[in-house]
Amino acid sequence: MGEANAYAALTKAFSGLGVDENLFISTLGKWNRHQRQIYRVSTPGFFSEDERQFQRWDDQHILQLRQEFLRLKDAVVLYTMHPWERDARLFKEALLLKVPKHDVLIETACTRSSEDLLGARKAYHSLFEHSIEEDIAHHIKTHERKLLVALVSSYRYEGPRVNEDLAKSEAKVFVNALKDAKKNLIEDEEIVRILSTRSKLHLKAIYSHYKELTGNFLDEDLDGDLILKQVVQCLCSPQTYFSKILISSLRLDVEESAKDSVTRVIVTKADDDDMKLIKEEFHSKYGSTLAAKIEEVANGSYKDFLLTIIATSD
């Protein structure tokens with residue numbers, strides 16, 4: 001490998017999701033002091049010239065690299081964890097942030113089976129000696145609190161029966177609520193009741209009837225309320241929601257919290273039928289396979305681990 005190519009390859013190893021350990025060993029490990037000096041000078045994004053005449057690492061990149069070395073370890077830990085414990089810890093981590101991550105709370109509450117959500121609530125008791133409901137009520141003071149508590153408390157019917165007349169009637173509830181400009185939908189008792197209690201098949205029927213009644217997709221008409229839009233997508237079309245999370249996260253220029261989403265989505269959906277649908281939706285919507293996008297952006301053992309996981313759904 002020529003020096004210019006080696007520099008480019010090493011920069012990618014520093015910049016993506018995860019780090020390419022083998023490349024560090026085979027390339028960086030062979031460089032002498034002069035070659036390392038040239039690399040520092042030629043990579044101003046990572047290094048800056050200090051007033052005392054040396055090239056210093058950018059502090060943010062040092063932090064990023066440390067996080068990237070840990071990314072594989074985090075993925076392995078999450079993947080081997082019992083799903084109930086994993087989801088309980090995801091709930092807790094989302095709540096402990098300065099600004100709670102509503103998207104993690106929503107996707108975990110809305111895309112798990114009734115038994116797995118109940119199991120996560122039990123695990124939360126054991127791990128943290130609180131209920132997830134009381135912690136959401138404590139940490140979230142804004143108007144979405146009532147909906148989020150209702151979603152994590154849900155134990156939905158999972159059988160095949162759907163009352164189409166009732167679903168059409170409840171689709172009209174959404175039509176009328178969206179017409180009322182003064183109404184705060186996320187605090188509407190009927191909206192909260194429907195989204196937090198109805199089976200997913202029933203909600204998909206509502207979604208279909210709403211399209212028949214209005215000509216629009218319900219989640220698209222909820223563009224003005226991101227939380228309700230995410231709830232509807234997670235319940236009715238999770239592959240749409242997760243594909244969007246992945247395409248937004250599989251980029252070189254995203255924040256660390258967005259990169260963490262790649263691990264979370266792939267690890268938590270690995271054993272679901274959803275993963276196959278997610279891959280199909282991703283390919284259809286973005287013109288690239290999920291595997292190809294991971295190959296493009298991720299590095300090293302972390303990349304290999306993700307590719308191995310998603311291959312199991314083929």
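Definitions and cut-offs
- Residues numbered from 1 in each chain as written.
- Predicted model: local features only at pLDDT ≥ 70, side-chain atom pairs only at ≥ 80, totals over all residues.
- Heavy atoms only, no water.
- Helix = DSSP H or I, 4+ residues; strand = E, 2+ residues; numbered from the N terminus.
- Buried < 20%, exposed > 50% of the residue type's maximum accessible area, 1.4 Å probe, protein only.
- Contact = heavy atoms within 4.5 Å.
- Lys, Arg positive; Asp, Glu negative; His and termini not counted.
- Charge placed at Lys NZ, Arg CZ, Asp CG, Glu CD.
- pLDDT = per-residue confidence, 0-100.
- Expected span 1.5 Å × (residues − 1).
- Salt bridge = Lys/Arg side-chain N within 4 Å of Asp/Glu carboxyl O.
- Phe/Tyr/Trp six-rings, centres within 6.5 Å; stacked < 30°, edge-to-face > 60°.
- Lys NZ or Arg CZ within 6 Å of the ring centre and 35° of its normal.

1. Focus on the overall build of the protein chain
- Looking only at helices and strands, the protein chain has 19 helices and two strands in total.
- The principal-axis extents of the C-alpha atoms in the protein chain amount to approximately 75 × 45 × 40 Å.
- Taken over 314 residues, the protein chain has a buried fraction of 48%.
- Long-range pairs, those at least 24 residues apart, make up 68% of the contacts in the protein chain with a sequence separation of at least 6.
- Taken together, the 44 basic and 51 acidic charged side chains of the protein chain have centroids lying 1 Å from each other.

2. Points about the confidence of the model for the protein chain
- Residue-level pLDDT values for the protein chain average 88, and 94% of them are 70 or greater.
- Averaged pLDDT values for the elements of the protein chain fall to 67 in helix α2 (residues 21–26) and rise to 98 in helix α12 (residues 200–214).

3. Regarding helix α5 (residues 83–96)
- When the terminal C-alpha atoms of α5 are compared, their 20 Å separation across 14 residues agrees well with the 20 Å that a helix rising 1.5 Å per residue should span.
- Listed as buried for α5 are R86, D87, A88, L90, F91, K92, A94 and L95.
- Where α5 is buried, its residues touch α4 (59–80), α6 (102–110), α7 (114–128), α8 (132–139), α9 (145–152) and α16 (256–269).

4. Let's talk about the pattern of salt bridges
- Applying the stated criterion across every chain, the model contains 19 salt bridges.
- Its salt-bridge partner being E190, residue R193 comes within 2.9 Å of it at the nearest N-O pair. Here the residue R193 and the residue E190 both occupy positions in helix α11 (residues 189–197), the gap between them amounting to three residues, near one helical turn.
- Given the relative accessible area of 28%, R193 is considered partly exposed.
- Overall, E190 belongs to the partly exposed group, its relative accessible area being 36%.
- Here K269 ties to D272 by a salt bridge, and the two come within 2.7 Å at their closest N and O atoms.

5. Some remarks on the environment of I106
- Inspection of the secondary structure assignment puts I106 in helix α6.
- For I106 and Q230, which are 124 residues apart along the polypeptide, the C-alpha to C-alpha distance reads 7.2 Å.
- Sequence-distant contacts of I106, that is, excluding residues within four places in its chain, are made with L148, I227, Q230, V231 and C234.

6. Structural notes on the side chain of T108
- Positionally, T108 belongs in helix α6.
- Classification of T108 by relative accessible area gives buried; the value is 1%.
- In contact with T108, not counting residues within four places along its chain, are D87, F91 and L117.

7. Re the packing of aromatic side chains
- For the coordinates displayed, the defined rule picks out six aromatic pairs.
- On the numbers, 5.5 Å between centres and 90 degrees between planes, the contact of Y79 with F305 is edge-to-face. Taken together, the residues span a long stretch of sequence, with Y79 in helix α4 and F305 in helix α19 (residues 300–311) at a distance of 226 residues.
- Y79 sits in the partly exposed class, given a relative accessible area of 32%.
- One residue, K92, lies across the ring of F128, its end atom 5.1 Å from the ring centre.
- Across the ring face of F217, the terminal group of K211 is positioned such that the distance to the ring centre comes to 5.0 Å.

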